[in-house]
Amino acid sequence: GGTPRVAWRTREGEEGPSAMAVAGGLKLDGRLLIMASAVFTVSLLLLVFGISHGRREQSGDKLVDFEYLGLLFRSVNPYFFAALGIAAAIGFSVLGAAWGIFITGSSLVGAAVRAPRITSKNLISVIFCEAVAIYGVIIAIILQTKIEYVAPLGDGQYPQSAYASGYAMFAAGLTVGLAN
C-alpha cells in the first residue's frame, strides 16, 4: 500500500478527497479550546486549594488563605509580571495566528481542489491571520517601552505603584494575546 484515503461526502452524495487529509487529519474545532480551558481551570483550582490546604493544616481552618496568597503575589518581582504580560501578548497572538492559518489554509486547499481559479482571491484570509500576529508584536513593543526602573524600598519590597504597573501590564498583554 499507499497512504490511506480519507473521503468526505458532497451534497450530491459522491465522495471526494478531504481537505482534512491534506492538513494532517487533525480536526480542530471549539472542543479543543474548551478542553484546554477546562484543564487550565481545574489545574488552577487544584493549585490554589492545594496551597490553602497545606496552610490550613498549619494555621487554621480557612479554605482559602488570602493573606498567604497576597504574600505570594507580593513576593514576586513586578518586573516578572510585566515580562509575562509581554510574553503573553506575543505568544498567544502568534498561536492564534498559527491556528487561524492552519484552519483557513486547510480550507483553502480544499477549495482549490474544487475550484482552482479562486486560489489567489482566498489568500486574503491567511493575510488577515498574519496581521493578528503583527498586532500582538506591536502591543508587546509598546508594553516593553513602558517598563522603567523602580528602586526597591529599604525592606526589599517595591512600591505599590510598581506592583500595580506590573499587574496592569500583565493584564494588558494577556488580554491582547487572548483576544487575538
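Please refer to the structure higher up on the page.
Residues numbered from 1 in each chain as written. Predicted model: local features only at pLDDT ≥ 70, side-chain atom pairs only at ≥ 80, totals over all residues. Heavy atoms only, no water.

Asks: Where do I start with the overall build of the chain in this structure?
Replies: The helix and strand tally for the chain stands at 6 helices and 2 strands. For the chain, the α and β elements follow one another from N to C terminus as β-β-α-α-α-α-α-α. Buried positions account for 22% of the 180 residues belonging to the chain. Taking all contacts inside the chain whose residues are at least 6 apart in sequence as the whole, residues at least 24 apart take part in 61%. Surface summary for the chain: the accessible area is close to 12,500 Å², and the carbon and sulfur share equals 69%. (Helix = DSSP H or I, 4+ residues; strand = E, 2+ residues; numbered from the N terminus. Buried < 20%, exposed > 50% of the residue type's maximum accessible area, 1.4 Å probe, protein only. Contact = heavy atoms within 4.5 Å. Areas by Shrake-Rupley, 256 points an atom, 1.4 Å probe, with all protein chains shown as cover.)

Asks: What should I look at first to understand the packing of helix α5 (residues 123-145) against helix α6 (residues 160-179) in this one?
Replies: Interaxial distance between α5 and α6 falls to 10 Å at its minimum, and their mutual angle equals 170°. Between α5 and α6, the interaxial angle falls into the category roughly antiparallel. Here Gly-136, Ile-139 and Leu-143 of α5 come into contact with α6, specifically with Met-169, Ala-172, Gly-173 and Val-176. Along the lines of polarity and charge, the residues of the contact of α5 with α6 split into 5 nonpolar, 2 polar and no charged. (Axes fitted to C-alpha atoms, helices over the stretch in contact; angles between N-to-C directions. Parallel < 35°, antiparallel > 145°, perpendicular 65-115°, else oblique. Nonpolar A, V, L, I, M, F, W, Y, C, P; charged D, E, K, R; others polar.)

Asks: So what exactly am I meant to see when it comes to the nonpolar core here?
Replies: Among soluble globular proteins, nonpolar side chains are generally buried collectively. The biggest cluster of nonpolar side chains holds 6 residues, and these are Ala-82, Ile-86, Ala-89, Ala-140, Leu-143 and Met-169. When residues of this core are traced back to their parent elements, those giving at least two are α4 (78-114) and α5. For this core, the element with the most residues is α4, which contributes 3 residues. If we ignore the near neighbours within four places in the chain, the residues touching Ile-86 are Ala-140, Leu-143, Gln-144, Ile-147 and Met-169. (Core = buried A, V, L, I, M, F, W, Y, C linked by side-chain atoms within 4.5 Å.)

Asks: Would you mind showing me how to read the packing of α4 against α6 here?
Replies: The axes of two packed helices give the description: the angle between them and the distance between them. Between α4 and α6, the shortest axis-to-axis distance is 7 Å and the interhelical angle comes to 10°. Considering their axes alone, α4 and α6 lie roughly parallel with respect to each other. Across from Pro-78, Phe-81, Ala-82, Leu-84, Gly-85, Ile-86, Ala-88, Ala-89, Phe-92 and Ser-93 in α4, the residues of α6 making contact are Ala-162, Tyr-163, Gly-166, Tyr-167, Met-169, Phe-170, Gly-173, Leu-174, Val-176, Gly-177 and Leu-178. Here the residues of the contact of α4 with α6 sort into 16 nonpolar, 5 polar and no charged.

Asks: Looking at this structure, how should I read the packing of aromatic side chains?
Replies: Think of a pair of aromatic rings as described by two things: how far the centres are apart, and how the planes are tilted against each other in angle. Throughout the structure, instances matching the rule amount to 6 aromatic pairs. Pairing Phe-81 with Phe-170 gives two aromatic rings, centres 5.9 Å apart and planes at 70°, and the pair type is edge-to-face. Within this pair, whereas Phe-81 is found in helix α4, its partner Phe-170 is found in helix α6, the two being separated by 89 residues in sequence. Given a relative accessible area of 9%, Phe-81 falls into the buried group. Ring pairs connect the aromatic residues Tyr-79, Phe-80, Phe-81, Tyr-158, Tyr-163, Tyr-167 and Phe-170, which therefore count as one cluster. (Phe/Tyr/Trp six-rings, centres within 6.5 Å; stacked < 30°, edge-to-face > 60°.)

Asks: Whenever I open this one, the side chain of Ser-93 confuses me. Can you help?
Replies: As for its position among the elements, Ser-93 is in helix α4. For Ser-93, the contacting residues outside a window of four places in its chain are Ala-88, Val-132, Ala-133, Gly-136, Val-176, Gly-177 and Asn-180.

Asks: I tried to follow the environment of Val-48 on my own but got confused; where do I start?
Replies: Here Val-48 is to be found in helix α2 (residues 30-59). Of the residues examined, Val-48 reaches a relative accessible area of 24% and is grouped as partly exposed. Residues Val-48 and Phe-66 lie 18 residues apart in sequence; the distance between their C-alpha atoms is 10.0 Å.

Asks: Looking at this structure, I do not really get the side chain of Ser-106. What am I missing?
Replies: Along the polypeptide, Ser-106 turns up in helix α4. Take Ser-106: its relative accessible area is 12%, and that puts it in the buried class.

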